[in-house]
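# Examining the three-dimensional arrangement
So the chains spell out like this:
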Amino acid sequence: MAREMKDSGIEWIGEIPSEWEIRNIKNLFSFGKGLNITKENLKERGIAVISYGQIHSKLNRFFEISDELIRFVDESYLDTDEQSLVNQGDFIFADTSEDVQGCGNFIYVDNQRTLFAGYHTIILHSLTQKDNKFFAFLFMSDCWRKQIRECVSGVKLFSVSQKLIKKTNILIPPEKERTKIVKYLEKHCIVIDTVLKKTRASIEEYKKLKQAVITQAVTKGIRGNGEMKDSGIEWIGEIPLTWELIPFRHVLQERQEKNNPIKSVERLSLSIDLGVTLYAEKTTNLDRFKEDFEQYKLAHKGDLVMNSMNMIVGATGVSSYFGCVSPVYYTFYDELEDHVTAKYCEYIFRSKTMLRVLYSLGKGIYAIVRGDDRVNTCRLKVAKEDLKNIIIPVPSVEEQREIVSYLKQKCEEIDIIISKKEQYLSEIENYKKSLIYEYVTGKKEVP
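Okay, so let's go over this structure. (Residues numbered from 1 in each chain as written. Predicted model: local features only at pLDDT ≥ 70, side-chain atom pairs only at ≥ 80, totals over all residues. Heavy atoms only, no water.)

## Details of the overall build of the protein
Short version of the rule: Think of it this way: any DSSP run of H or I at least four residues long counts as a helix, any run of E at least two long counts as a strand, and we number them from the N terminus. Burial classes: relative accessible area under 20% of the type maximum marks a residue as buried, over 50% as exposed, and values in between as partly exposed (1.4 Å probe, protein chains only). Each accessible area is a Shrake-Rupley result for a 1.4 Å probe, and residues are judged covered by the shown protein chains and nothing else.
A tally of helices and strands in the protein yields eleven helices and 26 strands. Buried positions account for 48% of the 447 residues belonging to the protein. Summing over all exposed atoms, the protein offers an accessible surface of approximately 23,500 Å²; the carbon and sulfur share of this is 49%.

Encoded structure:
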């Protein structure tokens, strides 16, 4: 017999079981904020603290913090900042996110331990101090987070305020049903998360394989066991005897020509759509750019376009279209019709060993990256002259063509495998979201 349902009167919920309640979140939680500290206040030992970076980490299981992400502050904070301590049944939300999808990320305090909420966090103190795992699953759902995501402010960094969270509503099933839902979801999500973990690990292995294939080809070649010589350069090692070592400035030429003035939005849009994007990701926010594009360079089909701010993570590519690029980018070209040297250089700059070189040359703001912990800040720029002075191994044009053709085929094969695994990953993640949604909104009843 189907359970009796009623209209919740709230768009993101729809119908709910007749015995369920809807309340404002303030009815079950009071609010606080984390410690006003910086990374410099963290210690090797002391009182455990959770900040926004650890909350965003992919290493977390469900809504629980991974032990390896725990950081510490001095015990003196117990005397001065007791209001930032959390208890079992509380939640710690990140108050900023680099993307909209991360708005609403949190961890649930599932045990009684001395723990501080850290910087850029919002505390939801449980008024009942009961097991709140049901609400943890509810807060994981996209439907609940929609209340936050539709109201956040920001462009590159999105802000989640206490005021915003206080406006949200929550669903409250009878206590016995809450317990059944939690047990059911925990049981099934453990299985799902095991599959997700294995799939992500497999994807990373294939990405490492791709890097190894590229590095081997651009430093050792693909022609077999020919005679080798010592390059005298650590990141290169031995290279084939016939290869040369040449500063990058003598391999490709820098493109200097400037854009013609662009006054109309129509031409501006055309240049962005058909050209190289002005920032690390494509954007449709044309108001961000100046009307006069005289200062911007042109990129031609076949140019090697390199983002000076992000090349430490491999943001390089050969342009497929004619268009404008911002001063953040360096553009280089060769005069060969098939642009093979530019394509060969692209593979060099995508190799893992070269990325280490670029990273060492980067100047700017930097903080240590620990695993997948995103509390770091990393904004390094590689100066153009430093880039041009890098020595790279260069085979003959004919051998460059062979290497490019070989890597194109091998990388495409690996990319197809990665793409299939990422698609499978997406399907499993969507299934998990759907499963949680159906039970935390009462659309399905635990058997």
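Moving on, there is more to tell.
## Some thoughts on the packing of helix H6 (residues 175-220) against helix H8 (residues 340-350)
For the record, the criterion: With axes taken as lines fitted to C-alpha atoms, and helix axes fitted only over the stretch in contact, angles between N-to-C directions fall between 0 and 180 degrees. If an angle is under 35 degrees, it is roughly parallel; if it is over 145, roughly antiparallel; if it lies from 65 to 115, roughly perpendicular; otherwise it is oblique. The sense of a crossing depends on the near helix, which, turned anticlockwise from the far helix by less than a right angle, makes the crossing left-handed and, turned clockwise, makes it right-handed. Here a residue-residue contact requires only that any non-hydrogen atoms of the pair lie within 4.5 Å. Residues are grouped as follows: nonpolar covers Ala, Val, Leu, Ile, Met, Phe, Trp, Tyr, Cys and Pro; charged covers Asp, Glu, Lys and Arg; every other residue, Gly included, is treated as polar.
For the pair H6 and H8, the least separation of the axes is 9 Å and the interaxial angle reads 125°. With respect to each other, H6 and H8 are oriented oblique. Once H6 is placed against H8, the crossing between them reads as left-handed. Along its contact with H6, which presents Gln211, Ile214 and Val218, the element H8 presents Tyr344, Tyr347, Ile348 and Arg350. Residue classes in the contact of H6 with H8 are distributed as five nonpolar, one polar and one charged.

## Describing the side chain of Thr441
Rules: Here a polar contact is taken to be a pair of N or O atoms separated by no more than 3.5 Å, where protein atoms must pair a possible hydrogen donor with a possible acceptor and residues adjacent in sequence count only if both atoms sit in side chains.
Residue position: Thr441 is located in the segment after helix H11 (397-440). For Thr441, a relative accessible area of 0% corresponds to the buried category. Polar side-chain contacts of Thr441 include one of 2.6 Å to the backbone oxygen of Tyr437. Residue contacts for Thr441: discarding those within four places in its chain leaves Glu15, Ile16, Pro17, Trp20, Cys143 and Leu171.

## Concerning unusual backbone geometry
Of note, His120 is a non-glycine position whose phi angle comes to about 55°, a positive value. With respect to the element layout, His120 can be found in the loop between strand S11 (115-117) and strand S12 (121-126). Of note, the phi angle at His339 is positive, near 50°, even though the residue is not glycine. In this fold, His339 is placed in the loop between strand S23 (329-333) and H8.

## What to know about the pattern of salt bridges
Filter applied, for reference: The term salt bridge refers to a pairing of a side-chain nitrogen on Lys or Arg with a carboxyl oxygen on Asp or Glu at a separation within 4 Å.
Applying the stated criterion across every chain, the model contains 25 salt bridges. Residue Arg23 is joined to Glu21 by a salt bridge in which the shortest nitrogen-to-oxygen separation is 3.2 Å. By relative accessible area, which is 33% here, Arg23 ends up partly exposed. For Glu21, a relative accessible area of 36% gives the class partly exposed. Where Glu254 meets Lys388, a salt bridge forms, and the shortest distance between an N and an O atom there is 2.8 Å. Of this pair, Glu254 sits in strand S18 (residues 253-254) while Lys388 sits in helix H10 (residues 384-388), placing them 134 residues apart in sequence. Residue Glu254 is classed as buried on the basis of its relative accessible area of 14%. For Lys388, a relative accessible area of 12% puts it in the buried group. Here the salt bridges do not stand alone but share partners, grouping Arg249, Glu254, Lys384, Glu385 and Lys388 into one network.

## Observations regarding the packing of aromatic side chains
Quick note on the threshold: To pair, rings of Phe, Tyr and Trp, with the six-membered ring standing in for Trp, must have centres within 6.5 Å; the planes then decide the type, stacked if under 30 degrees apart, edge-to-face if over 60, and tilted in the middle. Here, over-ring charges are defined by two tests on the NZ atom of lysine or the CZ atom of arginine: distance to the ring centre within 6 Å, and angle to the ring normal within 35 degrees.
Under the criterion given, the structure shown has 20 aromatic pairs. When the ring of Phe91 is compared with that of Phe139, the centres are 5.0 Å apart and the planes differ by 70°; the resulting orientation is edge-to-face. With a gap of 48 residues between them, Phe91 in strand S8 (residues 91-94) and Phe139 in helix H3 (residues 133-140) connect regions that are remote in the sequence. The ring of Tyr333 carries the charged tip of Arg255 above its face, separated from the ring centre by 4.3 Å.

## Things to note about the nonpolar core
Which entries qualify depends on this criterion: In plain words, nonpolar cores are sets of buried Ala, Val, Leu, Ile, Met, Phe, Trp, Tyr and Cys residues tied together by side-chain atoms within 4.5 Å.
Ranked by internal contacts, the top residues of the largest apolar core, which has 89 residues, are Phe91, Leu124, Phe135, Phe139, Phe248, Phe349 and Leu387. Leave out the neighbours within four places in its chain, and Phe139 touches Ile25, Phe29, Phe91, Phe93, Gly104, Phe106, Leu124, Trp144, Arg145 and Ile170. Among the nonpolar cores identified, the runner-up in size contains 24 residues, and Val49, Tyr52, Ile70 and Ala117 belong to it.

## With respect to the sheet that holds strand S5 (residues 47-50)
What counts, and what does not: In this scheme, strands are said to pair when DSSP sees at least two bridges between them.
Spatially, four strands are ordered S6-S5-S11-S7 in an open sheet, and the strand pairing comes out mixed. Two strands in the sheet have a free side with no partner beyond their single neighbour: strand S6 (71-73) and strand S7 (85-86). Inspection of the sheet shows S7 paired to S11 by two bridges, in the antiparallel sense. Residue Val86 lies in a different strand from S11, and its bridge partner there is Leu115.

## Brief notes about the sheet that holds S12
On the basis of which strands lie adjacent, the open sheet formed by four strands has the order S4-S12-S8-S10 and antiparallel pairing. Strand pairing shows two members of the sheet lacking a second neighbour, strand S4 (29-33) and strand S10 (106-108), which therefore form its edges. For this sheet, the mean inter-axis angle between neighbouring strands, taken without regard to orientation, is 20°. By the bridge criterion, three bridges tie S8 to S10 in an arrangement that is antiparallel. Across the sheet, Phe91 pairs through a bridge with Tyr108, a residue of S10. This element, H3, spans S4, S8, S10 and S12 of the sheet and lies at about 165° to S10.

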